[in-house]
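Survey of secondary and tertiary structure
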Amino acid sequence: HLVTLGRDNSFILSLKENHRTFESLRSLFDSAGIDLAGIADDRRNFWEWFIPRTAAALLAGLHRQNIYGLMKNEPVRKQLETLIGELAELAAADDVLILPPDMLHAVYAFPAAWKFPLQSDDKKLVTAEFGRLSTLLQNQAETAGRPIPLLRRLLDEFYNKILA
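Below, the structure is looked at part by part.

The rules we used
Residues numbered from 1 in each chain as written. Predicted model: local features only at pLDDT ≥ 70, side-chain atom pairs only at ≥ 80, totals over all residues. Heavy atoms only, no water. Helix = DSSP H or I, 4+ residues; strand = E, 2+ residues; numbered from the N terminus. Buried < 20%, exposed > 50% of the residue type's maximum accessible area, 1.4 Å probe, protein only. Contact = heavy atoms within 4.5 Å. Areas by Shrake-Rupley, 256 points an atom, 1.4 Å probe, with all protein chains shown as cover. Phe/Tyr/Trp six-rings, centres within 6.5 Å; stacked < 30°, edge-to-face > 60°. Salt bridge = Lys/Arg side-chain N within 4 Å of Asp/Glu carboxyl O. Axes fitted to C-alpha atoms, helices over the stretch in contact; angles between N-to-C directions. Parallel < 35°, antiparallel > 145°, perpendicular 65-115°, else oblique. Left-handed = near helix turned anticlockwise from the far one by under 90°. Nonpolar A, V, L, I, M, F, W, Y, C, P; charged D, E, K, R; others polar. Core = buried A, V, L, I, M, F, W, Y, C linked by side-chain atoms within 4.5 Å.

1. Looking at the overall build of the protein
Per the secondary structure count, the protein includes seven helices and three strands. Mapped from its N terminus to its C terminus, the protein presents α and β elements in the order β-β-α-β-α-α-α-α-α-α. Sorting the 164 residues of the protein into buried and exposed places 38% on the buried side. Once local pairs closer than 6 in sequence are excluded, the contacts in the protein between residues at least 24 apart make up 68%. Element-wise, carbon and sulfur atoms account for 53% of the exposed surface of the protein, whose accessible area totals about 9,100 Å².

What follows is the structure in structure tokens.
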């Protein structure tokens, strides 16, 4: 599992840094000038990747704006903060402590013009991406028994506005 973060050439692998595969890859990445880090906690790695991308993708697709446009809109920025908090609650139910300010910082590190699949003009792509995302989120919320009022409202709004 490979995750890219921010605008840098850096990668995080879901492997302990002393794992032999990690050591082999580190020398290869170092020779290419790419930073490589290892995280032994797969669940943490997943949530730290998933939360900022999911929150930003859902809002960007719903409002049909890039990150820069979203950040200029104060009510949407507030939604982003609340949404990240709700997603962090789902992570907490998975025994992963996520700090929402860190996830907000990760969203701000996305390129300003980044385009998410939920912003695509290809309705089949948007429908498939939304289906995967909404199913995963709703299943996780049900399993976790955590309220996600804003997330549920945004999923319904996205479906009715974009896909219906």
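2. Concerning the packing of aromatic side chains
If you walk through the whole model with that rule in mind, you get six aromatic pairs. Geometrically, the ring pair formed by phenylalanine 46 and phenylalanine 50 is stacked, given 4.9 Å between the ring centres and 20° between the ring planes. Remark: phenylalanine 50 and phenylalanine 46 occur in helix α2 (residues 42–63); sequence separation between them is four residues, near one turn of the helix. Measuring from ring centre to ring centre gives 5.8 Å for phenylalanine 110 and phenylalanine 116, while their planes differ by 70°; the resulting arrangement is edge-to-face. One aromatic cluster in this structure is built from Phe46, Trp47 and Phe50.

3. Examining the pattern of salt bridges
In the structure shown here, the tally under the stated rule is six salt bridges. For glutamate 157, the salt bridge goes to arginine 153, with nearest N and O atoms at 3.3 Å. On the criterion of helical spacing, the pair formed by glutamate 157 and arginine 153 is a turn pair, its members being four residues apart in helix α7 (residues 149–163).

4. A few points about the side chain of threonine 54
Topologically, threonine 54 is positioned in helix α2. Here threonine 54 falls in the buried class, since its relative accessible area comes to 5%. Apart from residues no more than four positions distant in its own chain, threonine 54 is found in contact with Leu87, Leu133 and Leu137.

5. What about the packing of helix α4 (residues 74–93) against helix α6 (residues 123–144)?
Running from N to C, α4 and α6 cross one another at 55°; their axes reach a closest spacing of 9 Å. The orientation of α4 relative to α6 falls into the category oblique. Crossing angle aside, the handedness with which α4 passes α6 is left-handed. Side by side, α4 and α6 meet where Leu87, Leu90 and Ala93 of the first sit next to Leu137, Gln140, Ala141 and Ala144 of the second. Here the residues of the contact of α4 with α6 sort into six nonpolar, one polar and no charged.

6. Side note on the nonpolar core
Formed by 41 residues in total, the largest nonpolar core has its most connected members in Leu58, Leu83 and Leu151. Of all the secondary structure elements, the ones that give two or more residues to this core are α2, α3 (67–72), α4, α5 (100–108), α6 and α7. Looking at this core, the element that brings in the most residues is α2, giving 10 residues. Sequence-distant contacts of leucine 83, that is, excluding residues within four places in its chain, are made with Ala55, Leu58, Leu59, Leu150, Leu151 and Leu154.

7. What about unusual backbone geometry?
Located in the positive-phi region is arginine 64, a residue other than glycine, with phi close to 55°. Take arginine 64: it is sitting in the loop between α2 and α3. In this structure, aspartate 95 takes a positive phi of about 60° despite not being glycine. Judged by relative accessible area, aspartate 95 falls into the exposed class, the value being 64%.

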